[in-house]
Amino acid sequence: MWSHWQYSTPGWLTLSPRPTQLYRWTQGIHVISGTAAIPLLLVKLWSVFPRLFARPPRGARARILTLLERGSIAVLMGSALFMLVSGTLNIIGWYPWEFSFRQTHGAMAWVAIGSVLVHVAVKLPVIREAWGEPVEPASPERTPVDVDAPTRRDVLRGAFLASGLAVVLTAGQAVPWLRRISVFSVRPGDGPQDLPINRTARSAGTSTSALDPDWVLEVTGADRTVRLTRDDLLAMPQRTHRLPIACVEGWSRSAVWTGVPLRDVIALAGAGPRTDVVVRSLQTKGAFGSSRVVGNVVADPRTLLALQLNGETLDIEHGYPCRLIAPNRPGVFQTKWLNRLEVQA
Ligand SMILES: Nc1nc2c(c(=O)[nH]1)N[C@H]1C(S)=C(S)[C@@H](COP(=O)(O)O)O[C@H]1N2
Ligand SMILES: [Mo]
């Protein structure tokens with residue numbers, strides 16, 4: 001939910017640029033725990049499946065209760081499967097649907113949370129009873145036919161193993177020391193300057209405009225507009241900070257960024273340090289060509305218009321001539337190929 005709110009911030013929430021790595025952690029945990037939940041959900045489904053088709057008990061009251069319980073399980077399973085399937089498809093960047101992934105995945109999270117609560121409440125007596133019992137019966141009461149069937153302990157072990165494996169094979173997209181063994185991680189680390197790329201300059205339609213020698217950054221304040229060349233920006237005092245790109249899809253990577261603090265640039269247009277700024281890019285195709293930086297993130301001196309990445313001139317794939325990089329910000333709002341800053345009144 002936190003990740004969702006950092007992306008679509010509700011009115012009651014003001015985002016702080018600290019802790020710097022917060023979104024990296026919340027989104028990393030969000031995607032890793034979702035991946036780990038896939039084998040667990042499948043095993044759970046397998047273990048209860050026959051019971052879903054068991055004959056309802058006799059008596060009207062018992063029937064109604066059973067029906068209600070199965071109804072709530074259907075909602076729980078439906079929402080859980082929806083979350084995991086849509087989340088996985090989002091990670092691999094495939095959207096075979098018409099609806100807004102973000103809104104639907106976010107809304108369905110509430111349904112899943114609610115149905116887990118209902119389900120746990122309904123099952124509380126059974127849960128309490130089960131916790132009082134040993135994992136395996138002391139004297140094996142299994143009939144000879146059952147000897148080859150897995151015990152509860154086997155199933156639990158297998159489920160946790162599968163889920164651990166799923167994590168190890170994917171989590172390297174966020175956890176540096178797992179990078180080499182995470183063969184299924186979505187962004188293994190290709191891209192210039194040791195940083196993955198989500199949208200290339202070609203797919204954003206900026207291959208030519210970003211290299212135009214006449215490029216200027218237009219900064220519009222309340223009372224005046226200034227135009228800055230890349231040399232103007234390079235002539236200003238430069239700052240260097242290590243900040244992560246934390247993509248909504250779960251991969252994240254820290255890098256060393258050098259550039260001009262955003263607040264210094266908007267000051268040239270007469271703006272105070274605590275105003276919201278909309279940053280716009282040269283992008284002509286696709287979404288995420290602009291984003292809004294809230295006042296307290298603008299005020300943070302680590303919020304940069306980056307000109308260099310890992311000690312080199314910013315590659316065009318990473319947003320040359322200039323891109324935004326700010327602490328504790330979803331990757332999708334670290335807008336590349338900037339050409340306009342609009343200070344909000
Ligand atoms: N103009 C623009 N900037 C953008 C995007 C985009 O589509 N257009 N994608 C964003 C996303 S989703 C991420 S995760 C980061 C990735 O930055 P990188 O490609 O430099 O690693 O860029 C962001 N900046
Ligand atoms: Mo992203």
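Every value quoted in this text rests on a predicted model; they were computed, and no experiment measured them.

The rules behind the values
Per-chain numbering applies: the sequence of each chain, read as written, is numbered from 1 onward. Chains and ligands are labelled by the order in which they are written, letters from A for the one and numbers from 1 for the other. Local features in this predicted model are restricted to residues whose pLDDT is 70 or higher, and side-chain atom pairs enter the listing and the counts only when it is 80 or higher, whereas totals over whole chains, interfaces and linings include all residues. Calculated side-chain values reflect all of the structure's heavy atoms, with hydrogen atoms and water omitted. When a carboxyl oxygen of Asp or Glu is within 4 Å of a side-chain nitrogen of Lys or Arg, the pair counts as a salt bridge. Counting from the N terminus, the helices are the DSSP runs of H or I reaching at least four residues and the strands are the DSSP runs of E reaching at least two. When a residue's accessible area, from a 1.4 Å probe over protein chains only, is under 20% of the maximum for its type it is buried; when over 50% it is exposed; and in between it is partly exposed. UniProt positions are given in the numbering used here, feature names are shortened, and annotations may be inferred rather than shown by experiment.

1. Some points on the pattern of salt bridges
Piece 1. In total, this model carries eight salt bridges according to the counting rule given.
Piece 2. Between Asp194 and Arg253 there is a salt bridge, with its nearest N and O atoms 3.3 Å apart. Remark: Arg253 occurs in strand β4 (residues 252-261) and Asp194 occurs in the loop between α5 (152-170) and α6 (201-204); sequence separation between them is 59 residues.
Piece 3. For Arg253, a relative accessible area of 5% puts it in the buried group.
Piece 4. Here Glu342 makes a salt bridge to Arg340, at a shortest N to O gap of 2.6 Å.
Piece 5. Judged by its relative accessible area of 18%, Glu342 falls in the buried class.
Piece 6. We classify Arg340 as partly exposed; its relative accessible area is 33%.

2. Considerations on the environment of Leu22
Piece 1. Secondary-structure assignment places Leu22 in helix α2 (residues 22-52).
Piece 2. Exposure remark for Leu22: the relative accessible area of 24% places this residue in the partly exposed category.
Piece 3. When the C-alpha atoms of Leu22 and Leu309 are compared, they prove to be 22 Å apart, with 287 residues separating the residues in sequence.

3. A few points about the UniProt feature "transmembrane region" (unreviewed entry) in the protein chain
Piece 1. Cross-referencing UniProt, the feature "transmembrane region" (unreviewed entry) maps to residues 29-53, 73-95, 107-126 and 159-178 in the present numbering.
Piece 2. As annotated, residues 29-53 comprises 96% helix and 0% strand, and the C-alpha atoms at either end are separated by 35 Å.
Piece 3. Between the C-alpha atoms that bound residues 73-95 there is a distance of 27 Å. The span itself is 83% helix and 0% strand.

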